[in-house]
Amino acid sequence: MNAYKIPIGDAIEALIEFFVNHFSFATRAFSALTENGIRLLVDAMTFFPAWVLILVFTALAGYLSRRRGIALFTLLGLGLIWNLGLWAPTVSTLALVLIATFFAVLIGLPLGILAALSEPLNRIITPVLDFMQTMPAFVYLIPAIPFFGLGPVAAIFSTVIFSVPPAIRLTCLGIRQVPRELIEAADAFGCDRRQKLFKLQLPLAMPTIMAGINQTIMLALSMVVIAAMIGAKGLGGEVWKAIQRLQPGQGFEAGIGIVIVAIILDRIMQRVGGRPKTERV
Amino acid sequence: MRTEKIRVENLTKIFGHHPEKALELIGQGSTKEEIFAQTRQTVGVYDASFTVHQGEIVVVMGLSGSGKSTLVRCLNRLIEPTAGKVYIDGQDVTALSTNALRQFRQQHLGMVFQNFALFPHRTVCENTEFGLEVQGVDPAKRRQQAMKALEQVGLKGWEDQFPAQLSGGMQQRVGLARALALDPDIMLMDEAFSALDPLIRRDMQDELLDLHDRLRKTIVFISHDLDEAIKLGDRIVLMKDGAIVQEGTAEEILTNPANEYVARFVEDVDMSKIITAESVMKRAVAVAEYPGDGPKAALRKMEKAGISSIFVRQEHHLKGLVTAEDAARAARRGDKHLDSILRRDIARVSPETPAIELFPLLAESSFPVAVVDADNRLRGVVIKGSLLAGIAATLQTEDSTG
C-alpha cells in the first residue's frame, strides 16, 4: 500500500510554486498596497484617544441598530477592553476584519448573483464552496505565506478565502428564493433582466444577503484570530502569545475581547439586515 | 360587426424537450395520458383557436390542468408556444423579438395574477407604478397615473401602505390597479379572484364589470368557476385536456352543451340563475297603442286575446299597463284616452335578468312582468306559467343531452 502514494500534495506544491514564480510580482504589489491600507486604517483609528473612538463606536452602534441596549453593551464592552489594556490589538483586529469583509463582499456578491442567474455556474460553484468550507481553516495559512510573506496581508488573504462562501451562498439563495410568480409578474410588465435584478431580486434578497454578510464577518473574525499564527497582530496575536508563554489569564482576557467584538458586530449586522421593509408601519 | 382584438390560431404548447414526438401522437388521436406515458412530454394546450373582440370579456374556463393558464400565458408569451400563432391587433405576437415583445407587453397587455404577485418591498403606490417605472416614465407623471388607477379600484388613501398590511381583496385591487395604471388595451386575468373568499369575490366581480362598463378594456379572464364565468363572460371558452371543447355565450353552452364533458361540467349549475328573462318570455299577444287606442279599443283587444290586462306603448316604447276592469269602467264613463287608468309603476326587467329574480316580481303582482331593452322597447312578457314552463323545458333538454 505504501508502494505508491498518489502525489496530491506534490501536485499542489508544484501548482503553488508555479503561481508564486509567475505571479508573485502581482501578489507582492497587492501585498504592499493592502499593507498600506491596513496601516492607514489602524493609524487613523489610533490617532484619536481610545475613549473618543469608544464613544464614536457606541453612537454608531446605537444609530445602526436603533437599540439602546446594543449601544450600552458597546460602551461597556469596549470600555472593558480598554481597561484590560487591549485597545491597540482590538483596533488592529477590527481593521483586519473590516478589510477582509470588504474583499469578501466585493468577490462574493457578484459571484452569488451570477450563480443565482446561471445554473451551470451554480453547479460548478457549489462543490467548490463546500470544499472551501470543510477544509480546516489552518490549511489556508500555508499557501498565503509564499504569496504575501508573513504578516497581515497573508492573514487577510486566507481570511477572505475562508469567509467568502457564506456571502456567495446566501446571495445566491436570496435571489433564488424570490417567488417565481413575482418574477413572472415582472416579466409580464416588460422588465428586462437588469430591471428585474435591481428592482425585484436584489431588494427582496437583501435580508438574506445581509445574513450572509453577517456570517462572513463572523468567519472573518474567527479567521483573523487564527491568522495570528502567520503574523497577523491584534487580539489573536495576544492569544497566540499567551499560548506560547503559557499565560492562561492573559489568553482569556484577549479571548473575552474577541467575544465582545464578535457580539457587537453580530448584533449590529442583525439589526441592519434582518428588518424587512414590509414591517414598517 | 365588432373589431377583432385577439386572434389565436392553432396554438399548441408541449412541455418537454421533444415536442415533435408528442405532436405526432396527437395527430394520431392519442390522449394526453397516453402521450405522457409514451414520450414523457406534457400537452399543455393543443390546437386552440379562438378570437376575442374589442371590448369583450372572454372567460377561458376549465378544471385545473385543462391548460387554461398555459393558454393565457401563451398570449403574452410568458410561456413560449410550441406551434400556432397569436395575433393582437393584427400583429403576430409569436414573431416578436425579445425586445419588441417587452415593449409590446408594456404597451398592450396588463396582467393580474391569482395570488396577486405584489412586490412586498414596495408600497401600494410603488407597486401600481411598477409598469410605468419599467417604461421609464418620469416619477411625477407615473405617480399621477398610479393614483388615478388606485382611485379607479377604490384604494385612494392606501397608497403608502405595504401589501402585507392589506386584506386579500384589497391586495387584488392593487394587482388590478397595477395593470390598469399602464392603460393597456387588453387585460389578462389569471384566476384573478379565485384566491378570495366568496363574498369578496362577488364584490370584486361586480366591480370588474363596473370598471369594464366604464373603460371598455378587452379582458381575457381565466376561471375554473362556472358561476364566475357566466357572470363575467360575454363569451366563454371551455377547455379540457388542453383543447377547446366549446365556445359561446353562457346560455349557448348551458342549454346546448357540445358534448358530455361540457354537460357534466354545467350540470350542477343552478339553472334558474342562468336562464334569463329573454329565454322564458313570450311575445305579447296584444298591445294597446297610445294615444290611438282608447279604453274601448283596449278592452276589445283584451277580450279577443283572452287576457285581463294589456301593455300600452307609444311608438314602441313601453308606457304602462291597463287592466280590463279599469278599461270597462272608463269606457262606461266615456273617456276617450287611457291616461286616467294607465298604470305606470309596473315591473320591468331587462332581457338579461336571471329567471330567479322574476319569481318574487311575479309573486308580488298579479300582472305579467314586462321585458324591455335599454331603449324601453317592449321585447316580451313573462307570466307565471311561461316562467315555469321555460325552466322545465330547458332542464329537459339538459337531461336528454346529459
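Bear in mind that the values here come from a model prediction, so they are computed numbers and not experimental data.

1. Structural notes on the overall build of chain B
So, point 1. A tally of helices and strands in chain B yields 17 helices and 16 strands.
So, point 2. Its C-alpha atoms give chain B principal-axis dimensions of about 85 × 60 × 35 Å.
So, point 3. Out of the 402 residues in chain B, the part that is buried amounts to 52%.
So, point 4. Of the contacts made within chain B by residues no fewer than 6 positions apart, 66% connect residues no fewer than 24 positions apart.
So, point 5. Side-chain charges in chain B split into 49 positive and 57 negative, and the spacing between the mean points of these groups amounts to 4 Å.

2. Examining the overall build of chain A
So, point 1. Looking only at helices and strands, one finds 11 helices and 0 strands in chain A.
So, point 2. Reading the helices (α) and strands (β) of chain A from amino to carboxyl end gives α-α-α-α-α-α-α-α-α-α-α.
So, point 3. Taken along the three principal axes of its C-alpha coordinates, chain A extends 65 × 65 × 40 Å.
So, point 4. Out of the 281 residues belonging to chain A, those deemed buried represent 44%.
So, point 5. Of the contacts formed within chain A by residues at least 6 apart in sequence, a portion of 78% connects residues at least 24 apart.

3. Observations concerning helix α7 (residues 168-180) of chain B
So, point 1. Between its terminal C-alpha atoms α7(B) stretches 18 Å, which fits the 18 Å expected from 13 residues at 1.5 Å a residue.
So, point 2. Summarising burial for α7(B): 12 of the 13 residues are buried, a large majority.
So, point 3. Along its buried surface, α7(B) packs onto α8 (180-188) of chain A together with β6 (109-112), α5 (124-135), α6 (139-152), β7 (186-190) and α8 (198-215) of chain B.

4. Comments concerning the interface of chain B and chain A
So, point 1. Contact with chain B, which involves 25 residues of that partner, is made by 20 residues of chain A.
So, point 2. Summed over both sides, the interface between chain B and chain A buries roughly 2,100 Å², with carbon and sulfur atoms accounting for 65% of that surface.
So, point 3. Counting across the chain B and chain A interface gives 2 salt bridges.
So, point 4. Glu184(A) serves as the salt-bridge partner of Arg73(B), at 2.5 Å between the closest nitrogen and oxygen.
So, point 5. Here the element with the most residues in the side of chain B that touches chain A is α5(B); it accounts for 4 residues.
So, point 6. When grouped by side-chain class, the residues that make up the side of chain B that touches chain A number 13 nonpolar, 6 polar and 6 charged.

5. Things to note about the sheet that holds strand β4 (residues 83-88) of chain B
Residue and element names in this part refer to chain B.
So, point 1. Overall, antiparallel pairing links the 4 strands, which are arranged β2-β1-β4-β5 in an open sheet. The open sheet has two edge strands with one neighbour each: β2 (42-53) and β5 (91-92).
So, point 2. One ladder, built from 2 bridges, connects β4 with β5; its direction is antiparallel. Bridge pairing links tyrosine 87 to aspartate 92 in β5.
So, point 3. Here helix α3 (residues 68-75) sits on the sheet and contacts β1 (4-15), β2 and β4; the angle it forms with β1, its principal contact strand, is near 120 degrees.

6. Considering the environment of Ala192(B)
Residues and elements named next belong to chain B.
So, point 1. Assignment of secondary structure puts alanine 192 in the loop between β7 and α8.
So, point 2. Take alanine 192: its relative accessible area is 0%, and that puts it in the buried class.
So, point 3. In sequence terms alanine 192 and asparagine 115 are 77 residues apart; their C-alpha atoms lie 7.5 Å from each other.

Rules and cut-offs
- Within each chain, residue numbers correspond to sequence positions counted from 1 in written order.
- As they are written, the chains are lettered A onward and the ligands numbered 1 onward, keeping that order.
- Per-residue local features of the predicted model are confined to residues with pLDDT of at least 70, and side-chain atom pairs are confined, for both listing and counting, to 80 or more; whole-chain, interface and lining totals are unaffected and use all residues.
- Side-chain metrics in this entry use all non-hydrogen atoms of the structure; hydrogen atoms and water are not considered.
- Helix numbering and strand numbering both begin at the N terminus, where a helix is a DSSP run of H or I of at least 4 residues and a strand a DSSP run of E of at least 2.
- Summary of the burial criterion: residues with accessible area below 20% of their type's maximum are buried, those above 50% are exposed, and those between are partly exposed, where the area comes from a 1.4 Å probe applied to protein chains only.
- We call two residues in contact when some of their heavy atoms are within 4.5 Å.
- Only four residue types enter the tally: Lys and Arg on the positive side, Asp and Glu on the negative side; His and the chain ends are excluded.
- The location of each charge is read from NZ of Lys, CZ of Arg, CG of Asp or CD of Glu.
- Given the number of residues in a helix, its expected span is that number minus one, multiplied by 1.5 Å.
- Accessible area that two parts lose when put together, evaluated with a 1.4 Å probe and summed over both, is termed the buried area.
- We define a salt bridge as a side-chain nitrogen of Lys or Arg found within 4 Å of a carboxyl oxygen belonging to Asp or Glu.
- All amino acids are sorted into three groups, where Ala, Val, Leu, Ile, Met, Phe, Trp, Tyr, Cys and Pro are nonpolar, Asp, Glu, Lys and Arg are charged, and the leftover types, Gly among them, are polar.
- Only when DSSP finds a minimum of two bridges between them are two strands counted as paired.
- Axis lines are fitted to C-alpha atoms, over the contacting stretch for helices. Their N-to-C directions set the angle, which ranges from 0 to 180 degrees.

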